[in-house]
Amino acid sequence: MEMRLYVRPNTVWVLLRKRGWSQKDLAQRMGMSEWWVSFVVRGKASVGPGTQRQIWDAFRGVSHKPGGRLAFDDLFEARFAESEGAVAP
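Enquirer: Where do I start with the pattern of salt bridges in this structure?
Expert: Once the charged atoms of two side chains with opposite charge are near each other, the side chains can pair. Applying the stated criterion across every chain yields a total of four salt bridges. Here Glu-2 and Arg-4 are joined by a salt bridge, their closest N and O atoms 3.5 Å apart. Exposure remark for Arg-4: the relative accessible area of 27% places this residue in the partly exposed category. Among the salt bridges present, the one from Asp-57 reaches Arg-53, with a minimum N-O distance of 3.9 Å.

Enquirer: Sorry if this is basic, but what is going on with the packing of aromatic side chains here?
Expert: Two descriptors summarise a pair of aromatic rings, namely the distance from one centre to the other and the angle between the planes of the rings. Scanning all chains against the criterion turns up six aromatic pairs. Pairing Trp-35 with Phe-39 gives two aromatic rings, centres 5.3 Å apart and planes at 10 degrees, and the pair type is stacked. Here Trp-35 pairs with Phe-39, and both are found in helix α3 (residues 34-41), just four residues apart, close to one helical turn. Here Trp-35 falls in the exposed class, since its relative accessible area comes to 58%. Phe-39 sits in the partly exposed class, given a relative accessible area of 26%.

Enquirer: In this structure, what is going on with the nonpolar core? I would like to understand it.
Expert: In summary, soluble globular proteins display a tendency toward joint burial of nonpolar side chains. Judged by nonpolar contacts, the single largest core of 22 residues is most densely connected at Val-12, Leu-26, Ile-55, Phe-59, Leu-75 and Phe-76. Within the residue set of this core, elements represented by two or more residues are β1 (2-7), α1 (9-19), α2 (23-30), α3 and α4 (49-58). Those residues in contact with Phe-59, other than ones at most four positions away along the chain, are Val-12, Leu-15, Leu-16, Arg-19, Trp-21, Leu-26, Leu-70 and Leu-75.

Enquirer: Help me understand α2, please; the structure alone is not making it clear to me.
Expert: An α-helical turn contains 3.6 residues, so any two residues separated by three or four positions project in the same direction. Every buried residue belonging to α2 is among Gln-23, Leu-26, Ala-27 and Met-30, and all of these are buried. The arc enclosing the buried residues of α2, seen along the axis, measures out at 100 degrees, which places them on a common side. Along α2, the residues that are exposed and aim more than 90 degrees away from the buried face are Gln-28 and Arg-29. In the core, the buried residues of α2 are packed alongside α1, α3 and α4. The N-terminus of α2 is capped by Ser-22, whose side-chain oxygen sits 3.2 Å from the backbone nitrogen of Lys-24. Just beyond α2, the residue with positive phi is Gly-31, at close to 70 degrees.

Rules of the game
Residues numbered from 1 in each chain as written. Predicted model: local features only at pLDDT ≥ 70, side-chain atom pairs only at ≥ 80, totals over all residues. Heavy atoms only, no water. Salt bridge = Lys/Arg side-chain N within 4 Å of Asp/Glu carboxyl O. Buried < 20%, exposed > 50% of the residue type's maximum accessible area, 1.4 Å probe, protein only. Phe/Tyr/Trp six-rings, centres within 6.5 Å; stacked < 30°, edge-to-face > 60°. Helix = DSSP H or I, 4+ residues; strand = E, 2+ residues; numbered from the N terminus. Core = buried A, V, L, I, M, F, W, Y, C linked by side-chain atoms within 4.5 Å. Contact = heavy atoms within 4.5 Å. Arc of directions from axis to C-beta. Polar contact = N/O pair within 3.5 Å; in protein donor to acceptor, adjacent residues only side chain to side chain.

Next comes the structure, spelled out in C-alpha cells:
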C-alpha cells in the first residue's frame, strides 16, 4: 500500500465560499477542467505535487478557522491506497 494525498472536501467548500468562488472559478485559476477539479474537491482523486501546489496557492491568505492560518494538514489528508494490481489482505 502507498500513501496518497487528498483534499479535505469540507475545508475546500468553506474556502471557496470565503473567496466567493465556484468550482468553475477554481478550475480556471488552476488551468484545469471543471470536471477534474470537481472530482478532486470531492476527495475522489488523489493529488500530485503540482496540483497540491496549485490548490495551496489558490487559497493562500484565507483560512477556514476564525482568526487562524491555513495549514497543510487542514487542506490535505493522507490516505493509504492500494497499488494497482495489489490484492488487499
